[in-house]
Amino acid sequence: MMKRNKIDKGILGSLLAFGFVLLPIMLRKPPIKDWLLVFLWNAVTNGIIDKVVVSYNTVKYPVRLLPKMFKTNILFDFLLYPVVTIIYNQLTEKDKPLVIFLKLFYFTIPMILIELYAERKTGLIKFKRGWRWYHSFISLNIKSLLTRLWIGWVRKLAERQ
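Since this is a predicted model, take the numbers as computed values, not measurements.

> Help me understand the environment of Thr58, please; the structure alone is not making it clear to me.
If you trace the backbone, Thr58 turns up in the loop between helix H2 (32–55) and strand E1 (59–60). The spacing of Thr58 and Pro97 is 39 residues in sequence and 32 Å in space, taken between C-alpha atoms. Residues contacting Thr58, with those up to four places away along its chain left out, are Val53, Lys126, Phe127, Lys128, Arg129 and Trp131. A polar atom in the side chain of Thr58 sits 3.0 Å from the backbone oxygen of Val53.

> Sorry, what's going on with unusual backbone geometry here?
Among all residues save glycine, negative phi is the norm, and among peptide bonds the norm is trans. Residue Pro30 is joined to Pro31 through a cis peptide bond whose omega torsion reads 0°. Along the polypeptide, Pro31 turns up in the loop between helix H1 (2–26) and H2. Phi at Asn57 takes a positive value of approximately 60°, unusual for a residue other than glycine. Here Arg129, not a glycine, exhibits a phi torsion of approximately 50°, which is positive. Residue position: Arg129 is located in the loop between strand E2 (126–127) and helix H5 (133–160). Residue classification places Arg129 among the exposed positions, given a relative accessible area of 65%.

> What's the story with H2 in this structure? I'm lost.
Residues separated by three or four positions in an α-helix point in the same direction, a consequence of the helix having 3.6 residues per turn. Taking 1.5 Å of rise per residue, the 24 residues of H2 would be expected to cover 34 Å, and the 34 Å separating its terminal C-alpha atoms lies within 8% of that figure. Buried within H2 are the following residues: Asp34, Trp35, Val38, Phe39, Asn42, Ala43, Thr45, Asn46, Gly47, Asp50, Val53 and Val54. Turning to H2, the residues buried within the fold contact H1, E1, helix H3 (74–91) and H5. Phi turns positive, to about 60°, at Asn57, one or two residues after H2.

> Is there a simple way to explain empty space enclosed by the protein in this structure?
If a probe as big as a water molecule is rolled over the atoms, it shows which places are left empty. One pass over the structure, following the stated rule, counts one cavity of 30 Å³ or more. By volume, the largest cavity is sized at about 40 Å³. In this structure, the largest cavity is lined by Tyr81, Val84, Thr85, Tyr88, Leu104, Phe107, Thr108, Met111 and Ser144. Mapped onto the lining of the largest cavity, the elements with two or more residues apiece are H3 and helix H4 (97–121). Considering only residue class, the lining of the largest cavity consists of six nonpolar, three polar and no charged.

> Explanation requested: the pattern of salt bridges in the structure shown.
Opposite charge on two side chains permits them to pair, given that their charged atoms come into close proximity. All told, the structure shown has five salt bridges when counted by the stated rule. The salt bridge partner of Lys33 is Asp34, with a shortest N-O separation of 3.0 Å. Since its relative accessible area comes to 3%, Asp34 is described here as buried. A salt bridge links Arg155 to Asp34, with the shortest nitrogen-to-oxygen separation between them at 2.6 Å. With a gap of 121 residues between them, Arg155 in helix H5 and Asp34 in helix H2 connect regions that are remote in the sequence. For Arg155, a relative accessible area of 15% puts it in the buried group.

> Would you explain the packing of aromatic side chains in this entry?
Two aromatic rings are characterised by how far apart their centres lie and by the angle between their planes. Summed over all chains, the structure comprises seven aromatic pairs. Ring centres 5.8 Å apart and planes at 85° place the aromatic pair Trp133 and Tyr134 in the edge-to-face group. With relative accessibility at 39%, the residue Tyr134 sits in the partly exposed group. Each residue in the set Phe101, Phe105, Trp133, Tyr134 and Phe137 is aromatic and connected to the rest through ring pairs, giving one cluster.

What counts and what doesn't
Residues numbered from 1 in each chain as written. Predicted model: local features only at pLDDT ≥ 70, side-chain atom pairs only at ≥ 80, totals over all residues. Heavy atoms only, no water. Helix = DSSP H or I, 4+ residues; strand = E, 2+ residues; numbered from the N terminus. Contact = heavy atoms within 4.5 Å. Polar contact = N/O pair within 3.5 Å; in protein donor to acceptor, adjacent residues only side chain to side chain. Buried < 20%, exposed > 50% of the residue type's maximum accessible area, 1.4 Å probe, protein only. Expected span 1.5 Å × (residues − 1). 1 Å grid on protein atoms, 1.4 Å probe; cavity = no way out; pocket = protein on both sides within 12 Å on 5 of 7 lines; lining within 4 Å. Points joined across faces, edges and corners; volume = space filled by probe spheres on them. Nonpolar A, V, L, I, M, F, W, Y, C, P; charged D, E, K, R; others polar. Salt bridge = Lys/Arg side-chain N within 4 Å of Asp/Glu carboxyl O. Phe/Tyr/Trp six-rings, centres within 6.5 Å; stacked < 30°, edge-to-face > 60°.

Purely geometric numbers; function is a separate question.
Shown next, in the form of structure tokens:
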């Protein structure tokens, strides 16, 4: 158990470093303010949603960063998923709705596969109370599309002014 915990913490450390390396790279492409808005919007809404999911005891994160301060997965909520969302939004910036929708699966399918692996083989995440992989898959897709719609709406508002 102790060895498993050490490996899980090593995974978290590697993902933290990966996220910190990727973030400035993703924020270099103009329009930077759009990507910062996407990042912040996604991080804040992730934190709220994950807080609710954890408080209903449907998902648990036994090994996590800052466990005494947060019961949620702050690494995923505030760094990894927001960075992935920036990449998704950059790749779909000029696309039509159908292509935006289809490109989403290039991101959500790998995220779900990684989550399934983490749930089955590590102590990083545990599903409870009937939570299944498809709940995560559906919610990631809806959340990502809503974020994409939101930044599109913000851009249209900015163009009018």
